Amino acid sequence: MLKRKLERDPEFHKQYSSVMNNYQAEGSSRRVPDDKVPTLKLIWYLPHHAVWHPRKPSEPRVVFDCTSKSACVSLNDQLLQDPENTSSLLGVILGFRVNSIAVAADVKRMFHQVFVSPEDRGALCYLWFPDGGLSKDLKTYQMLVHLFGPPLPPAFVATLLGKQPETIDAAETIDAAMQDFYVDDRLKSFKTAVEITTQLQELLTRGGFKLTKFTSNARGVLGGFRPEDRTPTVKNLDFKFDSLPVDHAYGIHWNVEDDTFNLVVSDKIQPETRRGTLSSIATIYDPLGYVGPLLLPGREINQELYRMKYEWDERLPEELVAKWREWKYGLASLNNFSILRAFISFGFGDVQRVELHHFADTSEGHGYGTALHLRFVSKDGRIHVSFVMGKS
């Protein structure tokens, strides 16, 4: 099927072949000589396909399917599971909101910086056409590095710990590596300075990783990074006159200039079916529960369809169509919804006291909700209340 698609679309063939050739050129994969294939201690062939990032339509990423099964067995089934020692997504996002200065970055091609042991590489074999020539016979290749997909906290952290330089405040820097990353993305907020970021960048470099694509809401901080290390949208900005762009923090739209989180609702028309209702709900990514009350009616509709045992593509009953359309119309208002990223903004002053307020309520027949707020009191008596997160 992949070959047919490559034959039909020359541009796609060119892009896909470029990725596969780059893997070999950079040492991430190699061709296995025909006479060496039978001698591999372990051999498993992985199917592969292309996926596209919405913001990079001309740069496909080749994904190897480790869930694909043969004789009811997949590669993922055979992998040992490590203890869950990565930071939670929710924890990283909440930490990103603590202080007024925010910095985001990611580790460049993190997975491809970690080699797989030679005796295990046979499990990462795949078939490809030499030089991308579709008229040539398929040959066996194998990946030499870890694949994009599952996180690698043991390899990642072990490399950091083993390479830590004595000249760096290692404890604080490694604490940042352990708590501020979710897979290969890093979010961190600071009160006044970001020395720890440059220290972490040095530590990662010594461990074979490159921290790059920096962006920040503070122009002075952003200007301290080399242009080639900044995210592409701010590489050539004039920090005195140009506005900072909208960035994405784990799927959340971060308006860097205004330093707000914005919600974006897809304008794609969904069918008035059970499948359409679920798709509309799923398009709204809201990990902190900002708009839970507005999403609840949509979930109620979907729950009602489940109770009525409606098929996925069966049209909604008339009594729910009006309710569904009204709910969909209300979703459009979310495109104007924003909330401050930081719990407290610049200029609030020294905080004297912080209080955590937790509210919860339930409505029989409708659902339940809970919300957390932080109440700050400054030394000069000013008060600020910030919404932390909610559930419904």
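Note: the structure precedes this text.
Please read all numbers here as calculations on a predicted model, not as lab measurements.

A. Representation of the environment of Asn255 within the structure. For Asn255, the position within the fold is in strand β13 (residues 252-255). When its relative accessible area of 14% is taken as the criterion, Asn255 is described as buried. Residues Asn255 and Asn217 lie 38 residues apart in sequence; the distance between their C-alpha atoms is 8.8 Å. At a separation of 3.2 Å, a polar atom in the side chain of Asn255 contacts the main-chain amide nitrogen of Glu257.

B. Broad picture of the side chain of Asn302. Summarising the element assignment, Asn302 is placed in helix α10 (residues 292-307). If we skip the residues at most four places from it in the chain, Asn302 touches Arg274, Thr277, Leu278 and Ile281.

C. Representation of unusual backbone geometry in the model. Backbone geometry places Asp259, a non-glycine residue, at a positive phi of 55°. Mapping Asp259 onto the fold places it in the loop between β13 and β14 (260-262).

D. Quick look at a nonpolar patch on the surface. A surface patch of nonpolar side chains, amounting to about 330 Å² of accessible area, comprises Ile43, Tyr45, Leu127 and Leu138. Along the chain, Leu138 falls in the loop between β7 (125-128) and β8 (139-143).

E. Seen up close, the pairing of strand β16 (residues 351-363). In the sheet, β16 pairs with strand β17 (residues 367-378) via twelve bridges, with the strands oriented antiparallel. Within the sheet, the bridge partner assigned to Ser363 lies in β17 and is Gly367. Between the antiparallel neighbours β16 and β17 lie three residues, among them Gly365 with a positive phi of about 90°.

F. Representation of helix α11 (residues 318-331). Given a rise of 1.5 Å per residue, 14 residues ought to cover 20 Å, and the 21 Å separating the end C-alpha atoms of α11 matches this to within 8%. Leu320, Val321, Trp324, Trp327 and Leu331 are the residues of α11 that are buried. Angular distribution of buried residues about the axis of α11 spans 135°; they occupy a single face of the element. Structural note: α11 exposes Glu318, Glu319, Ala322, Glu326 and Tyr329 on the side pointing more than 90 degrees away from its buried face.

G. Spotlight on the side chain of Asn217. The topology assignment puts Asn217 in the loop between β11 (211-216) and α8 (219-222). We classify Asn217 as buried; its relative accessible area is 11%. In this structure the side chain of Asn217 is engaged in a polar contact, spanning 2.8 Å, whose partner is the backbone nitrogen of Ala102. Of note is the side chain of Asn217, whose polar atom sits 3.1 Å from the side chain of Asp259.

H. Highlighting the sheet that holds strand β1 (residues 29-31). Strand order in the open sheet formed by three strands is β1-β8-β7, and the pairing between neighbours is antiparallel. Each edge of the open sheet is held by one strand with a lone partner, namely β1 and β7. The average undirected angle you get between the axes of adjacent strands in this sheet is 35°. Summarising the sheet, β1 and β8 pair through three bridges and their orientation is antiparallel. By the bridge assignment for β8, Arg30 is matched with Gln142. On top of the sheet, helix α2 (residues 10-25) reaches β1, β7 and β8; it is set at about 130° to β7, its chief contact.

I. Representation of the packing of helix α9 (residues 274-282) against α10 in the model. Two elements in contact, α9 and α10, have axes whose closest approach is 10 Å; the angle formed by their N-to-C orientations is 150°. Taken together, the axes of α9 and α10 lie roughly antiparallel to each other. Between α9 and α10 lies a crossing whose hand is left-handed. Every residue of α10 that contacts α9 at Arg274, Thr277, Leu278 and Ile281 is listed here: Gly298, Arg299, Ile301, Asn302, Leu305 and Tyr306. Grouping the amino acids of the contact of α9 with α10 by side-chain chemistry returns five nonpolar, three polar and two charged.

Conventions we followed
- Residues numbered from 1 in each chain as written.
- Predicted model: local features only at pLDDT ≥ 70, side-chain atom pairs only at ≥ 80, totals over all residues.
- Heavy atoms only, no water.
- Helix = DSSP H or I, 4+ residues; strand = E, 2+ residues; numbered from the N terminus.
- Buried < 20%, exposed > 50% of the residue type's maximum accessible area, 1.4 Å probe, protein only.
- Polar contact = N/O pair within 3.5 Å; in protein donor to acceptor, adjacent residues only side chain to side chain.
- Contact = heavy atoms within 4.5 Å.
- Patch = residues over 30% accessible without salt bridge, like charges linked within 9 Å, V, L, I, M, F, W, Y side chains within 5 Å.
- Areas by Shrake-Rupley, 256 points an atom, 1.4 Å probe, with all protein chains shown as cover.
- Salt bridge = Lys/Arg side-chain N within 4 Å of Asp/Glu carboxyl O.
- Pairing = 2+ DSSP bridges.
- Expected span 1.5 Å × (residues − 1).
- Arc of directions from axis to C-beta.
- Axes fitted to C-alpha atoms, helices over the stretch in contact; angles between N-to-C directions.
- Parallel < 35°, antiparallel > 145°, perpendicular 65-115°, else oblique.
- Left-handed = near helix turned anticlockwise from the far one by under 90°.
- Nonpolar A, V, L, I, M, F, W, Y, C, P; charged D, E, K, R; others polar.

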